[in-house]
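Chain residues, written in single-letter form:
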Amino acid sequence: MIELLFALSIGMLFGIGVFQLLRRDLVKAAIGFAILFSAINLFFVAVGAFEGEFAPYVSNVEAGRQTSDPLIQALILTAIVVSFGSFSLVLGFVNIISRRYDTVDSNDINKLKH
Amino acid sequence: MELAVITGVPFFLALLLATPFARSTFGKSSQTLISTAVMAALFAGLFIALPRLQAEGVITQTLTWIPSLGISLSFYLDGLSLLFALIITGIGALIFFYAGFYFDDAREHNRFIIWLLAFAGAMLALVLSGNVLMMFIAWELTSITSFVLIGFKGATDAAAREGAFKALFVTGAGALALIIGLVMLSAVAGQILYPHEDIRFVGDFASILQAQTIYKHEWFTLIAILILIGGFTKSAQLPFHFWLPGAMSAPTPASAYLHSATMVKAGIYLFARLSPVMYKNELWISSLLTIGLLTMLVGAYFAVKQNDLKGLLAYSTVSKLGAIVAMIGLPQQSGLKAAFVAIIAHAFYKSALFLAAGAIDHATGTRAIDQLGGLRRKMPTMFWVTVVSALSMAGMPFLLGFVAKETLLDAMLHFDAPRPQFVMVMVVVVVSTVFTAMAAYMLIYDVFMKRPAQRLHFHQPASWIRLGPALLALGSLTLGFLLEPLIIPILELAVPKAFELHLFAGFNEVFFLSLAILLAGLILFLLRKPLIRRITFPFSGDEVYREFIAYLEWAGTTILHTQSGYVRYYLVIILGAVAGVLIFSGKLSDVIAGQQIIPSDLSVTITDLAKIFMLILTVTAAVFTVLVREHVKAAIAYGVIGYAIGVIFLIDHAPDVALVQLLVETMATVLIIIMLGRIRAGTRLKVINSLWTGRHGHNVGLLRDLGISIVIGVTVFLFSLISLQNRPQRHSIAEWHLTHAKEVNTDDVVGAIVADFRGTDTLLEIAVFTTAALGVLTLLARGRKRGGALTPVKAQVSALPEFDLDVVDEIQDATSLSTPFTRSVSFIVLPIAILIGMAQILYGGNGPGDGFTAGVTIGLAVSLWYVVLGYNEAKNLLPWFRPALIVRLGLVIAIVNALFPVSIGQGFMGHVEYDRALGIYEIVGSFGLHITSSLIFEIAIAIAVMGGLGIIIEAIAYPTDRSQDLAEAHDAERN
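Residues numbered from 1 in each chain as written. Chains lettered and ligands numbered in written order. Predicted model: local features only at pLDDT ≥ 70, side-chain atom pairs only at ≥ 80, totals over all residues. Heavy atoms only, no water.

1. Re the overall build of chain B
So, step 1. Each helix and strand counted, chain B has 40 helices and two strands in total.
So, step 2. Taking all 975 residues of chain B together, the buried fraction comes to 54%.
So, step 3. For chain B, the exposed area adds up to about 42800 Å²; of that, 68% sits on carbon and sulfur atoms. (Helix = DSSP H or I, 4+ residues; strand = E, 2+ residues; numbered from the N terminus. Buried < 20%, exposed > 50% of the residue type's maximum accessible area, 1.4 Å probe, protein only. Areas by Shrake-Rupley, 256 points an atom, 1.4 Å probe, with all protein chains shown as cover.)

Listed below in structure tokens is the structure:
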């Protein structure tokens, strides 16, 4: 049951993120971008952390408790920080576009490709 | 002497001379002496290896590189490598000495020899490498350094840029073919040597040369063609020869070194290296022979048509390279001896001629043969150098070139082929050598002896410039008499069969043919005025190249038309392709068929209820970000998503991830809000108002975007459901981590993985993060003046009437947030944040929190200052907070900490217990601390992350000079 709900939420978050990216508003597109990241991180932790009943500490392991998967958590931990880095890069792009072209409407800046 | 050291020394010296310290300490003359001495020492070091090589045949040395993939840095020294390495270092020493007097400007000289040293290292790596992959990397490095050296004067000289690009394009394209050929070759060698294993790549030359039956393999034709293309492009063989004359824009020392003595012979080296396993194939040797002979003829003919002195030398180099390739293509490897003698002789006379040409160019300012003349009295040394070297090129008895031509003619006369073929080959060889003799006479007479057309400008170059060319000419003059002690011992190692080599083999047919050629060359020389420029070729490789480049540009423009620039367009194509592959391969239906979408078990536990609540909150907030009009509310809704997911992590027993998630999402939300303050409200209002209406008043676009998002959302939903229901059993490595974490003195297994087990990964992640931060800085720092005023200028906006700035921007003024209360909060929060951060680092091993969270915590407190106080005041009050320095500090600590264990015999990023080593384990242990390399790494992570955040915050909070931005935009529009 909970798997279904998780999958449903991840799918909805992903769809909403993509929808924001497709719209014209660059500020909301940046937020959509961040929502995409959240959906992906949620997915990975959900896949990795389900089985365990306890946090992955040595003391828990020694007490014979079933812990969650530490490896995927370590990967997501760094991924969160790195995705924040790329998110700030996106914000930087929005910022510079608004400064140079005085717009945050993606339809207005289609000339950038040349 | 270690081969790895020999290869590494030039690179090291190049790096050393590139440091500001070396540039300011060593003048031009000391740099010249250092580089010359180093090359001479390398030459001596290689020469010393000769007796050992005579005893052992081959010296191999291996440094482990990526053992799990079977890739190693292996070095291989046999007679062939030794021959080339001696030329590279020996000629190199003279070139480096010469370069010291060729350049007048010390900075130019420094820049030149740095690149020339890098080239020398790459070239040595090429001939000393024992592995096809390493050889290929060196091969490409020589192309790249050659590109830089040809384009050395590219800043002012368009021809230099074009020549450099042409050379890189042709040799780079050839290298693409070569790498495919080499990989296939090593796969085939693996099949032959290990027939019972599936796929095994054997890249070591030592092993490849054992696989004698390669030439019978079904792939061999393709392998041969690919390797031939690689070698032909590098060694300027027809029809790829045209890049070499174009490369003459390089400074002359580089032309003499790269484009005559060493790099252009890399293709020849490769052919000779692989010859033992390839020569039994008919295609291989006939291609070498045919292309080589054609190149020899065409190069020799074009040489005498040149008016540019270096152009003449370049084409005659092309011709000689063709001759050498043709000799490697003689059946049964019978031409190898002649090829190697030619390589040695050519290195001596052609480098000398190039260096003399450089001195002439330096002295007179021109290289046009019809303007030069009468230099015999002004430059007597260069005259005699040219006489000896040109005659050696022509094959005058009893110079070194004579030996080369004798062995060439001898090898060709013994070419065992059907009569018509033999006659054709001999005609080509004789005609080419006649042209070469003619070019030699032209060099001597037209440059030095004939009366110049008009008075030449002349200034005598420094006298030491003569040393290099003079020594080379001396070599051409005397080495013919010193074959026995000097040349033959090296050749004996390189040539597979027993051979004889004499300066004078008696009055036989070869000798008389040789004399006849010299005489015929003289006759042609006397008749040159009416003869030259009569025959023209219908097309040249250069024109084909130009056509090709024009076609490429056209193709590029055409492809650009397919780019719409809309995100939806790309998303549809990407997803459509993925969906197409899934559907048509039948994978999708296979996977869905076995799934139960609606679970049978609908029971939920209490913790599940909490999770469900958080999931609902997340999705609701996400929908809210779409529907809400105000950007600030959308940003806060985004913060809610981040927090809710953080709570889910917490419930799912991932406390470390939860902590990072909460902190980072706070930071992200703050960042969005700061950024919103930097965009005019009017600008944002415009886009908000048009959000739900299409451009033409209808909503087709909205429906289309909704459709795309729903398709993607459903796909991701199905994918995650299947993944979650079939999630794999925990990987064994995770179990290993759980049981071994206590060996690195941590309780928190996630922290142990981040800082220790997968530390290299983390090191790269913080590098990526700081690079992203630098990206933000570069984006937003445009137009910022160094040391300029920090206050925004509010003027000249009226000059740009189409931008209406009347709309008041209420968040623009950050100081409106600055109330006494917020100020005191921000003052109190920062020290507390620093304390919390330190606690998280020091005690991160026992609970949630680590370097990442510490860095973000402190970064958050600092960003609060920027939000509350504004950029200027925050910058003034926090003088110690210099993000760029902090980032560097963090990365340096991380790298030093990672490298230190290597020096004490542990691996990269090995775990070191400093507290035990210092004997304070008990003392710090009583505070619950362990001072280990992991702890230092956590500190480094915290510092780097804090610095990266600081860079981002500073860049985004920097007061903008909007009028300047708009003016820039206007300029961009106009261009």
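2. Some points on the overall build of chain A
So, step 1. Secondary structure assignment for chain A yields four helices and zero strands.
So, step 2. The order of α-helices and β-strands along chain A, N terminus first, is α-α-α-α.
So, step 3. Of all 114 residues assigned to chain A, the portion counted as buried reaches 73%.
So, step 4. Within chain A, contacts between residues at least 6 apart in sequence are counted, and of these 52% link residues at least 24 apart.
So, step 5. With the model as given, the accessible surface of chain A reaches about 3500 Å², and the carbon-plus-sulfur share is 65%. (Contact = heavy atoms within 4.5 Å.)

3. So, the packing of helix H4 (residues 79-102) of chain B against helix H19 (residues 467-478) of chain B
Residue and element names in this part refer to chain B.
So, step 1. Their axes nearest at 8 Å, the elements H4 and H19 cross at an angle of 150°. By the angle between their axes, H4 is roughly antiparallel relative to H19. Two secondary-structure elements touch here, H4 through Ile91, Leu94, Phe97 and Tyr98 and H19 through Leu467, Gly468, Pro469, Leu471 and Leu472.
So, step 2. Split by residue class, the contact of H4 with H19 holds eight nonpolar, one polar and no charged. (Axes fitted to C-alpha atoms, helices over the stretch in contact; angles between N-to-C directions. Parallel < 35°, antiparallel > 145°, perpendicular 65-115°, else oblique. Nonpolar A, V, L, I, M, F, W, Y, C, P; charged D, E, K, R; others polar.)

4. Describing the packing of helix H26 (residues 606-627) of chain B against helix H27 (residues 631-651) of chain B
All names here are of chain B.
So, step 1. Between H26 and H27, whose axes approach to 8 Å, the crossing angle comes to 160°. When the interaxial angle is binned, H26 and H27 end up roughly antiparallel. For H26 against H27, the interelement crossing comes out left-handed. Counting all contacts with H26, which are made through Thr607, Ala610, Lys611, Met614, Leu615, Leu617, Thr618, Ala621, Ala622, Phe624 and Thr625, the residues of H27 involved are Lys633, Ala634, Ala637, Tyr638, Val640, Ile641, Ala644, Ile645, Val647, Ile648 and Ile651.
So, step 2. Taken together, the residues of the contact of H26 with H27 break down into 17 nonpolar, three polar and two charged. (Left-handed = near helix turned anticlockwise from the far one by under 90°.)

5. A look at helix H28 (residues 655-677) of chain B
So, step 1. The end-to-end C-alpha distance of H28(B) is 33 Å, a good match for the 33 Å that 23 residues give at a rise of 1.5 Å each.
So, step 2. Most of H28(B) is tucked away: 18 of the 23 residues are buried. (Expected span 1.5 Å × (residues − 1).)

6. Considerations on the interface of chain B and chain A
So, step 1. With 122 residues of chain B at the contact, the number on the chain A side is 88 residues.
So, step 2. With both sides pooled, the region where chain B packs onto chain A buries about 9500 Å², and carbon together with sulfur makes up 71% of that total.
So, step 3. Among the residues of chain B in contact with chain A, His653(B), Leu724(B) and Arg727(B) are the three that bury the most area, contributing 7% of the side total.
So, step 4. Seen at the junction of chain B and chain A, the total is one salt bridge.
So, step 5. Asp705(B) is paired through a salt bridge with Arg23(A); the nearest N and O atoms lie 2.7 Å apart.
So, step 6. Taken together, the links from chain B to chain A amount to 12 residue pairs in polar contact (both at pLDDT 80 or more).
So, step 7. Element by element, the count of residues in the side of chain B that touches chain A is highest for helix H30 (residues 700-725) of chain B, at 15 residues.
So, step 8. Looking at the side of chain B that touches chain A, its residues break down into 72 nonpolar, 24 polar and 26 charged. (Buried area = accessible area lost by both parts, 1.4 Å probe. Salt bridge = Lys/Arg side-chain N within 4 Å of Asp/Glu carboxyl O. Polar contact = N/O pair within 3.5 Å; in protein donor to acceptor, adjacent residues only side chain to side chain.)

7. Quick notes on the side chain of Glu765(B)
So, step 1. Take Glu765(B): it is sitting in helix H33 (residues 759-780).
So, step 2. Buried and unpaired, Glu765(B) has no salt bridge, with Arg758(B) as the nearest side chain of opposite charge at 7.5 Å.
So, step 3. When residues no more than four places from it in sequence are discounted, the contact partners of Glu765(B) are Thr78(A) and Val82(A). (Lys, Arg positive; Asp, Glu negative; His and termini not counted.)

8. Concerning unusual backbone geometry
All names here are of chain B.
So, step 1. Following Leu238, the chain continues to Pro239 via a peptide bond in cis, the omega torsion being -5°.
So, step 2. Among the secondary structure elements, Pro239 is positioned in the loop between helix H9 (220-234) and helix H10 (243-246).
So, step 3. A cis geometry characterises the amide bond from Pro397 onward to Phe398, with omega recorded as -5°.
So, step 4. Relative to the assigned elements, Phe398 resides in the loop between helix H16 (380-394) and helix H17 (400-413).
So, step 5. Phi is positive for Gln332, close to 60°, though the residue is something other than glycine.
So, step 6. With respect to the helices, strands and loops of the structure, Gln332 is situated in the loop between helix H14 (309-328) and helix H15 (336-364).

9. Some words on the packing of aromatic side chains
So, step 1. Considering all chains together, one arrives at 36 aromatic pairs over all chains under this definition.
So, step 2. Here the aromatic rings of Phe43(A) and Phe44(A) are separated by 5.3 Å at their centres, their planes lie at 70°, and the arrangement is edge-to-face.
So, step 3. On the accessibility criterion, Phe43(A) (12% relative accessible area) is buried.
So, step 4. With relative accessibility at 36%, the residue Phe44(A) sits in the partly exposed group.
So, step 5. Members of the aromatic cluster, connected to one another through ring pairs, are Tyr98(B), Tyr102(B), Phe103(B), Phe112(B) and Phe152(B).
So, step 6. Stacked on the ring of Phe152(B), the Lys or Arg Arg111(B) has its end atom at 4.1 Å from the ring centre.
So, step 7. Sitting above the plane of the Phe205(B) ring, Arg273(B) keeps its charged end 5.6 Å from the centroid. (Phe/Tyr/Trp six-rings, centres within 6.5 Å; stacked < 30°, edge-to-face > 60°. Lys NZ or Arg CZ within 6 Å of the ring centre and 35° of its normal.)

10. A word on the pattern of salt bridges
Residues and elements named next belong to chain B.
So, step 1. In this structure the tally under the stated criterion is 14 salt bridges over all chains.
So, step 2. Across the salt bridge formed by Arg52 and Glu56, the nearest N and O atoms sit 3.2 Å from each other. A residue pair is termed a helical-turn pair when its members lie 3 or 4 positions apart in one helix, as Arg52 and Glu56 do in helix H3 (residues 28-56) at four residues.
So, step 3. Given a relative accessible area of 40%, Arg52 falls into the partly exposed group.
So, step 4. Here Glu56 falls in the partly exposed class, since its relative accessible area comes to 47%.
So, step 5. Note that Asp705 is salt-bridged to Arg704, the shortest N-O span being 3.3 Å.
So, step 6. For Arg704, a relative accessible area of 34% corresponds to the partly exposed category.

11. Remarks on H17(B)
Residues and elements named next belong to chain B.
So, step 1. Relative to the 20 Å expected for 14 residues at 1.5 Å per residue, H17 spans 20 Å between its end C-alpha atoms, a close match to the ideal helical length.
So, step 2. Counting buried residues in H17 gives 12 out of 14 residues, a clear majority hidden from the surface.
So, step 3. For H17, every residue scored as buried is listed here: Leu400, Gly401, Phe402, Val403, Ala404, Lys405, Glu406, Thr407, Leu408, Leu409, Ala411 and Met412.

12. Describing the environment of Ala359(B)
All names here are of chain B.
So, step 1. Here Ala359 shows up in helix H15.
So, step 2. For Ala359, a relative accessible area of 0% translates into the label buried.
So, step 3. Sequence separation of Ala359 and Arg466 is 107 residues, and the distance between their C-alpha atoms is 8.3 Å.
So, step 4. The residues contacting Ala359, other than those within four sequence positions of it, are Tyr98, Met379, Met382 and Pro461.

13. Considerations on a nonpolar patch on the surface
So, step 1. On the surface, Phe47(B), Phe398(B), Phe481(B), Leu482(B), Leu486(B), Phe504(B), Phe507(B), Phe512(B) and Leu515(B) cluster together to form a nonpolar patch covering roughly 830 Å² of accessible area.
So, step 2. Assignment of secondary structure puts Phe47(B) in helix H3. (Patch = residues over 30% accessible without salt bridge, like charges linked within 9 Å, V, L, I, M, F, W, Y side chains within 5 Å.)

14. Points about the confidence of the model for chain B
All names here are of chain B.
So, step 1. Confidence in the prediction for chain B averages 83 pLDDT; 90% of positions are at 70 or higher.
So, step 2. Low pLDDT, under 50, characterises residues 785-815; the predicted model gives this stretch 43 contacts beyond four residues in sequence or across chains.
So, step 3. Predicted as a complex, the structure gets a pTM of 0.69 and an ipTM equal to 0.94. (pLDDT = per-residue confidence, 0-100.)

15. Some details on the environment of Ile834(B)
So, step 1. With respect to the secondary-structure elements, Ile834(B) resides in helix H34 (residues 820-842).
So, step 2. Among the residues examined, Ile834(B) registers a relative accessible area of 27% and is labelled partly exposed.

16. Considerations on the confidence of the model for chain A
In low-pLDDT segments, the atomic positions of the prediction should not be examined closely.
So, step 1. Per-residue confidence for chain A gives a mean pLDDT of 83, with 93% of residues at or over 70.
So, step 2. The secondary-structure element of chain A with the lowest mean pLDDT is helix H3 (residues 58-62) of chain A, recorded at 81, while helix H1 (residues 2-22) of chain A shows the highest, at 90.

17. Considering the nonpolar core
All names here are of chain B.
So, step 1. In terms of nonpolar packing, the biggest core is built from 207 residues, with Ile227, Tyr257, Phe340 and Met412 touching the most fellow members.
So, step 2. Of the residues forming this core, the biggest block, 20 residues, is contributed by H15.
So, step 3. Core analysis: the second largest hydrophobic core is formed by 133 residues, Leu702, Ile753, Ala861 and Ala957 among them. (Core = buried A, V, L, I, M, F, W, Y, C linked by side-chain atoms within 4.5 Å.)

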